[in-house]
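# Structure assessment
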Amino acid sequence: MTSEVKSRGKDPRVETAIAHWAPRFVSNGVLLADFEEVTAGIERWEDWCAAWCERGQLHEDLGRDALKRGYGLTAGEHLVRAAMYYHFAKFVFVHDLKEMRDAHMRAVACYRDALPLMRPPGERVAIPFEGSTMAGVLRKPASGSGRLPILIMAPGLDSTKEELHAYEEPFLARGIAILAIDGPGQGEAEYDIPICGDYERAAKAVCDWIGTRADLDASRIAMWGVSLGGYYAPRAAAYEKRIKACIGISGPFEWKEIWKDLPGLTREAFRVRSHSKTEAEALAKAATLSMKDAAPKIACPIFIVTGRQDRLVPASHAERLAKSVSGPVELMIVEDGGHNANNRPYRYRSRTADWLAGQLGLPRI
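Position labels on residues start from 1 in each chain and follow its written sequence. Only residues with pLDDT of at least 70 are given local features in this predicted model, and only at 80 or more are side-chain atom pairs given and counted; all residues enter the totals for whole chains, interfaces and linings. The side-chain figures draw on all heavy atoms in the structure; neither hydrogens nor water molecules are used.

## Quick look at the packing of helix H3 (residues 32-40) against helix H4 (residues 48-68)
This is how the line gets drawn: Geometry is summarised by axes, namely lines fitted to C-alpha atoms with helices restricted to the contacting stretch, and by angles between N-to-C directions that run from 0 to 180 degrees. Helix and strand labels come from DSSP, where a helix needs a run of H or I of at least four residues and a strand needs a run of E of at least two; each type is numbered from the N terminus. A crossing counts as left-handed when the near helix is turned anticlockwise from the far one by less than a right angle, and as right-handed when that turn is clockwise. Should any heavy atoms of two residues lie within 4.5 Å, those residues are counted as being in contact.
It is at 10 Å that the axes of H3 and H4 come closest, and there the two elements cross at 145 degrees. Between H3 and H4 lies a crossing of right-handed hand. On H4, the residues touching Asp 34, Phe 35, Glu 37, Val 38 and Thr 39 of H3 are Trp 48, Ala 51, Trp 52, Arg 55 and His 59.

Next comes the structure, spelled out in structure tokens:
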């Protein structure tokens, strides 16, 4: 009875965050016990960011202490986890931009400090983009040598390059280098560069940058995206022909079509990250995120993943994309999967990595 009363007293925005994103937190680096304990103690949305930062600080302290004692691998593991907690403190906490940005910078700092301690290590990179800069993290497989095939990873609306850490491992294990980016409206870029429907602009800049690297194979570039990134990756593949294969996870075909059914937290996050003053202006910008004309231009192989139980982006959007492309397509519908099939990551993460390794000419392992 006590827990039922407590639940009914929670801010609906807190309940929304828990209901829509709990599997995402746990599958992307938050310990289940921490998730349950932190969210149980949050009654008001205004307390969300501080509560997650407090638990993030615990993990950061463990990492800093391990580093002082000379245990680099342990330190890196703790700092990556701390970065995830700080990230989830800020992810849709857009009503207080200062508090959100402070938490964000703590996530960036922890992840940056973890990069040389990771196995394999990571390299922070800066990618020129139309007079500004997009931040990225490059990780190369430990066994790789020469010019490596490269997978560009695009996060979603409320995600960042740091959150993609859990998604990277299957690809790295199969010999594929990873470039996780904060594109327009995402992560470190969100404050200066608004969301753009024509994401191929960002993809062009990234492909140009890859071409400057002697350790990356510009003839074997692939693109991956999750959630709104599941729109960005196919959109990029439609117009940027240096992309030879694409993976899209739970992306919208027409963003405006689902606008009214999105959680208020998501609509507000889009308004802020599209640099719109009003929701009406945000909706007008949402209409520019469309695959209607772009999808038939996708000629490279594409692997599309969706969850049949997705309450944010209906599976019908993935089915529509699969029917619209002109090249080879594989569609995986996880029947018991929610958004991004975060509740069933084992259904597709390794399988998409196997598929991509084949597309890039790597041996089966």
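We are not done yet, so read on.
## Section: the packing of aromatic side chains
Defined as follows: Pairs were defined over the aromatic rings of Phe, Tyr and Trp, the Trp ring being its six-membered one, requiring ring centres within 6.5 Å. Orientation was assigned from the angle between planes: stacked under 30 degrees, edge-to-face over 60, tilted for the rest. Type-normalised accessible area, obtained with a 1.4 Å probe on protein chains alone, sets the label of each residue: buried when under 20%, exposed when over 50%, and partly exposed for intermediate values.
Counted by the stated rule, this structure contains 19 aromatic pairs. Measuring from centroid to centroid gives 5.5 Å for Phe 25 and Phe 91, while their planes differ by 80 degrees, and the two rings are edge-to-face. In this pair, Phe 25 is assigned in helix H2 (residues 12-27) and Phe 91 in the loop between helix H5 (72-90) and helix H6 (97-114), connecting sequence segments 66 residues apart. With respect to burial, Phe 25 and Phe 91 carry one shared label: buried. An angle of 70 degrees between the planes, with centres 5.6 Å apart, marks the rings of Trp 52 and Tyr 85 as edge-to-face. Highlighted residues: Trp 52 in helix H4 and Tyr 85 in helix H5, separated in sequence by 33 residues. Under the relative-accessibility criterion, Trp 52 is labelled buried at 0%.

## A look at the pattern of salt bridges
What counts here: By definition, a salt bridge exists where a carboxyl oxygen of Asp or Glu is found within 4 Å of a side-chain nitrogen of Lys or Arg.
Under the criterion given, the structure shown has 41 salt bridges. Across the pair Arg 44 and Asp 47 runs a salt bridge whose closest N-O atoms are separated by 2.9 Å. The class for Arg 44 is partly exposed, based on a relative accessible area of 45%. Looking at Asp 47, the relative accessible area reads 31%, which means it is partly exposed. When salt bridges that share partners are traced, they join Arg 124, Lys 161, Glu 162, Asp 182 and Glu 188 into one network.

## As for the nonpolar core
Our working definition: Take the buried Ala, Val, Leu, Ile, Met, Phe, Trp, Tyr and Cys residues and link them wherever side-chain atoms come within 4.5 Å; each set so joined is a nonpolar core.
Grouped together as the largest cluster of nonpolar side chains are 103 residues, with contacts concentrated most on Trp 48, Trp 52, Leu 179 and Trp 255. Sort the elements by how many residues they give to this core and H5 lands first, with ten residues. Among all residues touching Leu 179, those that are not within four sequence positions of it are Val 125, Ile 127, Val 137, Leu 138, Ile 150, Leu 151, Ile 152, Met 153, Val 206, Trp 209 and Ile 210. Counting 27 residues, the second largest nonpolar core, distinct from the first, contains Met 153, Leu 172, Met 332 and Val 334.

## Some words on the sheet that holds strand S8 (residues 329-334)
Cut-off, in case you're wondering: The pairing criterion is simple: DSSP has to find at least two bridges between the two strands.
Taken together, eight strands build an open sheet; the order of strands is S1-S2-S4-S3-S5-S6-S7-S8 and the sheet is mixed. A single partner strand is all that each edge strand has here, and the edge strands are strand S1 (122-129) and S8. The mean inter-strand angle of the sheet, taken between neighbouring strand axes irrespective of direction, is 20 degrees. Of the pairings in the sheet, the one linking strand S2 (residues 132-139) to strand S4 (residues 177-181) comprises four bridges and is antiparallel in character. Looking across to S4, one finds that Val 137 is bridged to Ala 180. Packing of helix H8 (residues 200-210) onto the sheet brings it into contact with S1, S2, strand S3 (148-154), S4, strand S5 (216-226) and strand S6 (243-249), and relative to S1 it is tilted by some 120 degrees.

## Points about the confidence of the model for the protein
Basically, it comes down to this: On a range of 0 to 100, pLDDT expresses the predictor's confidence in each residue.
Taken over all residues, the pLDDT of the protein has a mean of 96, while the share at 70 or more is 98%. Low pLDDT, under 50, characterises residues 1-7; the predicted model gives this stretch three contacts beyond four residues in sequence or across chains.

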